[in-house]
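Survey of secondary and tertiary structure
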Amino acid sequence: MFGYSGSLDVFDIDASLDDAMMCAVSCNGFIDAEKPWIVAKDGTKAGRLDEILYTLCESLRIIAILISPVLPKAAHGIFDQLNWKMELSGKEERFSLADAEWGKLPDGHVVGKPVPLFRG
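The numbering scheme is per chain: residues are counted from 1 as the chain's sequence reads. Only residues with pLDDT of at least 70 are given local features in this predicted model, and only at 80 or more are side-chain atom pairs given and counted; all residues enter the totals for whole chains, interfaces and linings. Each side-chain value is worked out from all heavy atoms of the structure, with water and hydrogens disregarded.

**A word on the packing of aromatic side chains**
Put simply, the test is: The pairing test for Phe, Tyr and Trp rings, Trp by its six-membered ring, is centres within 6.5 Å, and the orientation test on the planes gives stacked under 30 degrees, edge-to-face over 60, and tilted for anything in between. Starting at the N terminus, helices and strands are each numbered in turn, a helix being any DSSP run of H or I of at least four residues and a strand any DSSP run of E of at least two. Exposed residues in this analysis have more than 50% of their type's maximum accessible area, buried residues have under 20%, and partly exposed residues fall in between, with area computed by a 1.4 Å probe over protein chains only.
Following the criterion strictly, the structure yields 2 aromatic pairs and no others. Where tyrosine 54 meets tryptophan 102, the ring centres are 6.3 Å apart and the plane angle is 80°; that geometry is what we call edge-to-face. Taken as a pair, tyrosine 54 in helix 4 (residues 46–67) and tryptophan 102 in the segment after helix 5 (72–82) lie far apart in primary sequence, 48 residues in all. Aromatic side chains phenylalanine 79 and phenylalanine 95 sit 4.8 Å apart centroid to centroid with 45° between the ring planes, which places their arrangement in the tilted category. Placement of phenylalanine 79 in helix 5 and of phenylalanine 95 in the segment after helix 5 is noted, with a sequence separation of 16 residues between them. Judged by relative accessible area, phenylalanine 95 falls into the buried class, the value being 11%.

Structural data, given as structure tokens:
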């Protein structure tokens, strides 16, 4: 198997999006397992809630990078809501595969207001 960038090099879009889809599916499972809405109600677990939310925001940041060649508008929407690289808003330079490493989102980063990316 090529891996993400190799798949894009040969225009294998399905294979290149597999990583992003696997990450999204893992996030859904993580949400189901961790139940952040319950953790938020327990005032003694604020640190754990921070860890859960960081994990989800960092995952979304990486997903946005991975989908940007195929779904640029959605990727920009994710970055906008994450308040990430706002100085490059609307520009393709905003997404660099080299930035798809875990831990680039700083602790305490404040995200924007959630809005739907896809309207029905």
